[in-house]
Amino acid sequence: GTGIKLALPNGSQTQPLIEFVVANSPAEKAGLAVGEPVWEVDGHATTGADFWAVVRALEGEPGTRHRVVVGQDKRAISLEVSAVRGQCLVGDCTDGEGVFRDVNGDLYTGHFKGGRYHGAGRLEQGTEALYDGEFEDGVYHGKGTLKDRDKVFSGNWDHGREASGPGFMTFANGDRVEGNGEWTNGFTGTGIFTDAGRNLRVEGVFSHAFNLESLEGKASVRSLATDHVYTGRFDHGQP
């Protein structure tokens, strides 16, 4: 890459800002600094543009060059895409235990094997996400907890995807699912769902979702406000 990580605009800011600069990267050698706004990429203005389209515009094969207009002085800089791995800050980031800052600015603390995250570790992805658990060949694998802006999932992982088994998922609105089942593409299995908005606790069998409407078969619904209980069969969440 070019060695910079961009951040989403904040408040009145309408163009992305440089959030992180990789050590010894083309961006650092060109003098780019954290906090500088990026105004243009290859002649295309970033003001009001789709953020991820701007990020993708800075990608390419090694040797590709991008013209970037940055800073309050709106200076034009040519950046060449090159192989950038990141920086080992502490310890052994090849076959051992250490602290590593990758090209996106994400911070990993834990065990390595062959230069990849492998074993117990913690990956801090800026303000976007935090994973604490087990890795295999650089991806989530084993037991772990992932917290992002929308939810928290704690359970089993299979090469980067939520896997079957016991676990729980809590959402930003306070809803929570806990149980033993399949977690990919919604929860399927026997579990307990707490509907924070309607103040309900539901015990039963769910199918491919995280809400009362996905309830199937026999279940028990308790009102946490009145302690009233309904027990019976449900079809797509309907008694």
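You'll find the structure just up there.
Thresholds, definitions, all that
- Sequence order as written defines residue numbering, which begins from 1 separately in each chain.
- Where local features are concerned, this predicted model is filtered to residues with pLDDT of at least 70; where side-chain atom pairs are given and counted, the filter is 80 or more; whole-chain, interface and lining totals use all residues.
- To get the side-chain values, take all heavy atoms of the structure and skip hydrogens and water.
- Only rings of Phe, Tyr and Trp enter the pairing, Trp through its six-membered ring, and a pair is recorded when the two centres are within 6.5 Å. The plane angle decides the type: under 30 degrees is stacked, over 60 is edge-to-face, the rest tilted.
- Residue exposure (1.4 Å probe, protein chains only): buried if accessible area is under 20% of the type maximum, exposed if over 50%, otherwise partly exposed.
- Helix numbering and strand numbering both begin at the N terminus, where a helix is a DSSP run of H or I of at least 4 residues and a strand a DSSP run of E of at least 2.
- Side-chain atoms within 4.5 Å link the members of a nonpolar core, which is a set of buried Ala, Val, Leu, Ile, Met, Phe, Trp, Tyr and Cys residues.
- Contacts are residue-level and defined by heavy atoms, with any inter-residue pair within 4.5 Å sufficient.

A.B. asks: Describe in detail the packing of aromatic side chains, supporting the description with residues and values.
C.D. replies: Summed over all chains, the structure comprises 17 aromatic pairs. With a centroid separation of 3.9 Å and an interplanar angle of 15°, the aromatic rings of Tyr131 and Tyr140 are classed as stacked. Using a relative accessible area of 13% as the deciding quantity, one classes Tyr140 as buried. Between Tyr131 and Trp157 the ring centres are 5.8 Å apart and the planes differ by 90°, which places this aromatic pair in the edge-to-face class. Of this pair, Tyr131 sits in strand E11 (residues 129–136) while Trp157 sits in strand E13 (residues 151–158), placing them 26 residues apart in sequence. For Tyr131, a relative accessible area of 0% translates into the label buried.

A.B. asks: Can you tell me about the nonpolar core, naming the residues and giving the values?
C.D. replies: Ranked by internal contacts, the top residues of the largest apolar core, which has 24 residues, are Tyr117, Phe135 and Tyr140. When contributions to this core are tallied by element, the ones reaching two or more residues are strand E9 (107–113), strand E10 (116–125), E11, strand E12 (139–148), E13, strand E17 (187–195), strand E18 (200–209) and strand E19 (215–223). Aside from chain neighbours lying at most four places away, what touches Tyr117 is Phe100, Asp102, Tyr108, His111, Phe112, Leu123, Phe135, Glu136, Asp137 and Gly138. Counting residues in each nonpolar core, the second largest holds 15 residues, with Ile4, Val21, Ala27 and Val70 among its members.

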